[in-house]
Amino acid sequence: MINNTPPAGPASAPEAEPAGGMTRRTAIKALGATLGAAAFAQAIAPLTEWAENMSLDEYLQKHYRELSPFDLGVVMARMEQITKEETGVDVHIGDYRPQPGVKFGYALNLSVCVGCRRCAKACHIENNHDRPSGNSYIRVLEMEKGSLDLAKGRVNYDKPVPHPDKFYMPVQCQQCDKPPCVSVCPVEATWKESDGIVVVDYNWCIGCRYCEAACPYHARRFNWTKPQVPAAEINPDQGYLSNRLRPQGVMEKCTFCLHRSRQGKLPACLEACPTGARVFGNLLDPESEIRWVLKNKRVFVLKEEVGTQPSFFYFFDE
Amino acid sequence: MKGRLILLPLASVVLLALGGQWLLGEAKLGGAREFSAEVVSVGQPAKPTKPAARAEVPPHRPAGYQPKVATGLIDHHGNAVGVACMTCHATKTPNLEAGREGRVPAEFHQKLVYAHGEQSCLSCHNSEDYDALRLADGRKLAFADAQKLCQQCHGPQTRDYLHGSHGGMRGYWDKTKGERTRLTCTDCHDAHAPAYPAWTPVFAPKDGGALQQKAREEKSNHSTTTHDQ
Amino acid sequence: MNNARVAEQFTSYCRFLWKAVCDATDGSWWFYAWMILLTALSLTGLHAWAVQVRDGLIVTGMSDHVSWGLYIANFTFMVGLAAGGVMMVIPAYLYHDHEMHDLTIVGELLAVAAIVMSICFVVVDMGRPERFWHMFPIVGRFNWPVSMLTWDVLVLNGYLGLNLHICGYLLYKRFRCERPNSKWYVPFVYLSIFWAISIHTVTAFLYSGLGGRPLWNTALLAPRFLVTAFIAGPAFIIVLLFILRRFGGVPIAARPVQVLVNIVRVTLLINLLMVASELFTELYAGGAHTASSHYLFFGLHGANALVPWIWSAVAMGIIATVMFLRPGVAGRPVWLTLACVLAFAGIWIEKGMGLIVPAFIPSTLHEIVEYFPSLVEWQIMAGIWAWGLLILTVMLKIALPILRQPHPEENFPTRVCATSPAGNTGGHSHL
């Protein structure tokens, strides 16, 4: 009869069963189990804090594309109420749908951009970005004249701009026609809408960050923590798929300010640009300015060889 | 039996052709077809807008705009007191050489920075009415329409401006839904020294990645800007 | 089966589970010390993860530039280990190697523990782990077949189920002192061979399908993954077999070890060739797409945090290769253990930190932002490793009776089971 205890280690003789039925070994085991259970409860204590802030409705919420207009209205009203409770600010969250006959295009004049970064700042304010990290969907690169090599670009320039030997290239989401971020999302939390904008349902995203790995343009941002915006600075005109206050642990990205552009307005970055380097409009309208640029200027796209077919075009005047 | 034998390869060819065409069709359309949302139209569809190229762009400056010389004084309404150009120039003889080849006015306009090529002051200013300007052929031009002067010589910029790829704007891309205001040339370019001024960049990135790069750049004191691999 | 038999099977299974629990919590003082250590580490990791869920992934060292780090590095490695665990199955079942046969369960149990660890690593990497149900079809949205992650979810869970079934079935039958019915496990074993290849190929495709990440976008990635899996897996199993012999009283014949050594000899050499191939391809012509390789092996513009790591991994790989290639190494347990440890550690570095992290450096906008894991990440990693080892220890402990008995299939049921099928009581098993 082979005992279950390993022969090589110090052998422990099996205890004789006392009358009470409890051996010392069993008592120690019970004590150990109790301590273990206590340690376990202590270990997961932060989770109870976290769970307190979650509502069941929000947890069970369906995907945006499966919500009826009424249900979506209920969801948005709930979000407005939560924002009011947490910040004291009355916000309006709207659901802005794509308009038929519209496909957005954006062009950037690299001869005119001076690198002042006011577009990045306007984006930061318009989209209710986290203040401590200075997050923005736009990243402006100071590039070497004579080269389009991104490796020669710098983001930390602070001398007066434009520097004579440099040109400036803001990069943001390209709203690709073949978006790799959409293909890789395991839960379809991000998709391309009919007007060309690639959107994210913040209440559906599971935060795996596969899309961030897939994007060739560093366009996607992750909420590493809950974004903090001072109440006085919150932009109250919000869209469900764009600039509403995002939760922790989900992805977000530039939406061409769809809460503005789907009402016919210009995006915030364009309005902030003092030189007018940005051109925005409807690619399906042959009389639009964006179409004029595409026809009359020598436009190019970033990383064309990757095959993403961006809707964001760059050009020089000369 | 023979008929059936022919059917099989024929069916395969047909299926292959259809399949290939479907595949090719998918490849052409790329990702766009898969991702169309159910569109619920809000508001009217976008109508073709007026040809932006040929539209009259409303000047940022209202009609009747008149620049005045600042005196630094404030009247009893609290408004700044300005002096109209004709106040002094009515009694002055026009100097056609002023401004040419660096000849600056001997008195007044001392703070004026002039760097606009080889033109004289009176290439644009109207010697017969200093409260107005003049086009190249001598016709009078109101200050509110000053950008027509720029457009006389700067054709490419004018063309770009009228097509929305030069010069700031605010408002609506869809002009059927709302208006758009444009900056005029002189909102950004000082007419006397139009070279675009240097700006101090704002909103320096402060994310961890940018800060890490900044620290590394500062550490390597040869801060050359060409990093060839 | 009529109702009486169903009821009997059910109660028998419950007794089997209870016996498993008892086996898992009974042993020598060394065993208790080991289990307490693993439990403590697991709880530390669990607490760190709870903090991470509450405060967000900002407690890690990841950023929008390097958005995958230690967790996904370990995930990748663990999937390889799980695939490699099946390396014993191939000679045993495809080539009818009877001495291997007895020990295949070790590989399969390793596969179970490794898959559980890889799933844990994915879960701790998620920003919203409670939203896992969004991945289920019908109630959620499962982007299959377009997203490679969905393929990975399917194959990993399938592999887990496969191995749990095989091991569970064999152990349960052993518990009942009945001969296992080959139709209930042999087809699954054959399936697991192909499935093991698929889990790591799919995981490789996750990365190699991304056109925006040049370091990953290579056809060599899937073959490299498989080769490294078939180094790490057998190396771990060799050490595991030695541990079972030393502490578990399991008789290990020389042949299974030799087979595994033969496998690792080949795969180590192939891996060196692949590393050389990558280096040559990247560096001969140069160009922007080689920036990540450059960063990894030589540093880039003053950023060189990973350079010592990768060269250590290369050195470990070369030394391990030399050691493995020595004739007679299979008969020298100490040298062989060292070689296995070197091979294992080298692959962990190369595949983890040396593959996942540098693909993000430089970023897609060519910014060089380095990544340094935070304490929370190390704690969670240690916790998941401890949890995996805990599961493995428990399962091996339960499986010890099978492992201790040579050729158990031929000896069913005439030897060991003196008592009737339903008669085994809880507590110490009587073999």
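About the cut-offs
- Residues numbered from 1 in each chain as written.
- Chains lettered and ligands numbered in written order.
- Predicted model: local features only at pLDDT ≥ 70, side-chain atom pairs only at ≥ 80, totals over all residues.
- Heavy atoms only, no water.
- Helix = DSSP H or I, 4+ residues; strand = E, 2+ residues; numbered from the N terminus.
- Rg over C-alpha atoms; globule rule 2.2 N^0.38 Å.
- Buried < 20%, exposed > 50% of the residue type's maximum accessible area, 1.4 Å probe, protein only.
- Contact = heavy atoms within 4.5 Å.
- Areas by Shrake-Rupley, 256 points an atom, 1.4 Å probe, with all protein chains shown as cover.
- Buried area = accessible area lost by both parts, 1.4 Å probe.
- Salt bridge = Lys/Arg side-chain N within 4 Å of Asp/Glu carboxyl O.
- Polar contact = N/O pair within 3.5 Å; in protein donor to acceptor, adjacent residues only side chain to side chain.
- Nonpolar A, V, L, I, M, F, W, Y, C, P; charged D, E, K, R; others polar.
- Core = buried A, V, L, I, M, F, W, Y, C linked by side-chain atoms within 4.5 Å.
- Pairing = 2+ DSSP bridges.
- Axes fitted to C-alpha atoms, helices over the stretch in contact; angles between N-to-C directions.
- Phe/Tyr/Trp six-rings, centres within 6.5 Å; stacked < 30°, edge-to-face > 60°.
- Lys NZ or Arg CZ within 6 Å of the ring centre and 35° of its normal.
- Expected span 1.5 Å × (residues − 1).
- Disulfide = S-S within 2.5 Å.

Asker: Any details on the overall build of chain C? Residues and values, ideally.
Answerer: Of the regular secondary structure elements, chain C holds 15 helices and 0 strands. Here the C-alpha atoms of chain C give a radius of gyration of 23 Å, agreeing with the 22 Å that 2.2 N^0.38 yields for 431 residues. Its C-alpha atoms give chain C principal-axis dimensions of about 70 × 55 × 40 Å. Out of the 431 residues in chain C, the part that is buried amounts to 61%. Look at the contacts in chain C between residues 6 or more apart in sequence, and 77% of them connect residues 24 or more apart. Of the roughly 16,600 Å² that chain C leaves accessible, carbon and sulfur atoms contribute 73%.

Asker: Describe the overall build of chain B, and please don't skip the residues or the numbers.
Answerer: A count of helices and strands for chain B gives 6 helices and 6 strands. Each helix and strand of chain B, placed in order from N terminus to C terminus, yields the pattern α-β-β-α-β-β-α-α-β-β-α-α. Burial statistics for chain B: of 229 residues in total, 23% are counted as buried. Of all intrachain contacts in chain B linking residues separated by at least 6 positions in sequence, the fraction that spans at least 24 positions is 39%. Entry remark: accessible area of chain B is about 15,700 Å², with carbon and sulfur atoms responsible for 62%.

Asker: Let's hear about the interface of chain B and chain A: which residues, and what values?
Answerer: Of the residues lining the interface, 58 residues belong to chain B; the matching set on chain A comes to 68 residues. Roughly 5,200 Å² of surface becomes buried between chain B and chain A when both sides are summed, with 55% attributable to carbon and sulfur atoms. For the pair chain B and chain A, the number of links is 4 salt bridges. Salt-bridge contacts for Arg139(A) lead to Asp207(B); the nearest nitrogen and oxygen are separated by 3.0 Å. In this assembly, chain B and chain A are joined by 19 residue pairs in polar contact (both at pLDDT 80 or more). Put simply, the parts of the chain that give the side of chain B that touches chain A at least two residues each are helix H4 (155-162), strand S5 (169-171) and helix H6 (208-219) of chain B. The greatest single-element share of the side of chain B that touches chain A, amounting to 4 residues, is contributed by H6(B). When the residues that make up the side of chain B that touches chain A are grouped by side-chain class, the tally is 26 nonpolar, 18 polar and 14 charged.

Asker: Would you mind going over the environment of Tyr169(C) in detail, with residue names and values included?
Answerer: Residue and element names in this part refer to chain C. Note that Tyr 169 resides in helix H7 (residues 148-175). Residue Tyr 169 is classed as buried on the basis of its relative accessible area, which comes to 13%. In this structure, the C-alpha to C-alpha distance between Tyr 169 and Met 126, residues 43 residues apart in sequence, is 33 Å. Residues within four places of Tyr 169 in sequence aside, it is in contact with Leu 164, Pro 180, Asn 181, Trp 184 and Tyr 185. Here Asn 181 takes part through its backbone nitrogen, which lies 2.9 Å from a polar atom of the side chain of Tyr 169.

Asker: Quick rundown of the pattern of salt bridges? Include the residues and the values.
Answerer: Applying the stated criterion to the full structure yields 36 salt bridges over all chains. Of the charged contacts, one joins Lys173(C) and Glu178(C) as a salt bridge, the two residues approaching to 2.7 Å between their closest N and O atoms. Note on Lys173(C): relative accessible area 14%, which makes it buried. Salt bridges sharing partners connect three or more residues here, namely Lys297(A), Asp317(A), Arg159(B) and Asp160(B).

Asker: Describe the interface of chain A and chain C, naming the residues involved and giving the relevant values.
Answerer: With 70 residues of chain A at the interface, the matching set in chain C holds 67 residues. For the pair chain A and chain C, the summed buried area comes to about 6,200 Å², and 57% of that belongs to carbon and sulfur atoms. Inspection of the chain A/chain C interface yields 7 salt bridges. Residues Glu49(A) and Arg54(C) are paired through a salt bridge, measuring 2.9 Å at the closest nitrogen-oxygen approach. Looking at the side of chain A that touches chain C, the elements with two or more residues in it are helix H1 (24-43), helix H2 (45-52), helix H3 (56-59), helix H6 (180-184), helix H7 (210-214) and strand S7 (220-222) of chain A.

Asker: I'd like to hear about the nonpolar core, residue by residue, with values.
Answerer: Tyr207(C), Trp216(C) and Phe324(C) are the most contacted members of the largest nonpolar core, which has 180 residues in total. The next biggest cluster of nonpolar side chains, apart from the first, holds 62 residues, and it includes Phe104(A), Leu141(A), Leu270(A) and Leu365(C).

Asker: Give me the sheet that holds strand S10 (residues 278-282) of chain A: which residues, what numbers.
Answerer: Sheets are built from strands paired through backbone hydrogen bonds, the pairs being either parallel or antiparallel. Residues and elements named next belong to chain A. Spatially, the 4 strands line up as an open sheet ordered S10-S2-S12-S11, and their pairing is mixed. In the strand order of this sheet, the two ends are held by S10 and strand S11 (299-300), each with one partner. Strand contacts of helix H10 (residues 289-296): strand S2 (104-109), S10, S11 and strand S12 (312-315), with the helix running at about 115° to S10, the strand carrying the most contacts.

Asker: Talk me through the packing of aromatic side chains; I want residue IDs and the actual numbers.
Answerer: Enumeration according to the criterion identifies 43 aromatic pairs over all chains in this entry. Through a chain of ring-to-ring contacts, three or more aromatic side chains come together here, namely Phe104(A), Tyr106(A), Phe167(A), Phe256(A), Phe280(A), Phe300(A), Phe312(A), Tyr314(A), Phe316(A) and Trp173(B). The ring of Phe222(A) has Arg209(A) sitting right over it, with the charged end atom 5.1 Å from the ring centre.

Asker: Give a description of the pairing of strand S2 (residues 80-83) of chain B that names residues and reports values.
Answerer: Residue and element names in this part refer to chain B. As paired elements, strand S1 (residues 69-74) and S2 share 3 bridges and run antiparallel to each other. Across the sheet, residue Val 69 finds its bridge partner in S2, namely Val 83. Where S1 folds back onto S2 in an antiparallel hairpin, the turn is made up of 5 residues, including Gly 78, whose phi is positive at roughly 95°.

Asker: Mind laying out helix H10 (residues 254-285) of chain C, listing which residues take part and the relevant values?
Answerer: End to end, H10(C) covers 48 Å across 32 residues, agreeing with the expected 46 Å (1.5 Å per residue, within 8%). A positive phi of about 70° marks Gly286(C), the residue just after H10(C).

Asker: Describe the environment of Leu57(C), listing the residues and the values that go with them.
Answerer: Looking at the element boundaries, Leu57(C) is found in the loop between helix H2 (29-55) and helix H3 (70-84). Leave out the neighbours within four places in its chain, and Leu57(C) touches Arg209(A), Phe222(A), Trp224(A), Gln52(C), Met62(C), Tyr71(C), Val124(C), Asp125(C), Met126(C) and Gly127(C).

Asker: Describe the state of the cysteines, naming the residues involved and giving the relevant values.
Answerer: As enumerated under the stated definition, the model contains 0 disulfides over all chains in all. Looking at the unpaired Cys257(A), the closest cysteine sulfur is the one in Cys269(A), lying at 5.9 Å. With relative accessibility at 7%, the residue Cys257(A) sits in the buried group. This cysteine, Cys167(C), is not joined by any disulfide, and Cys120(C) carries the nearest cysteine sulfur, 18 Å off. Judged by its relative accessible area of 3%, Cys167(C) is buried.

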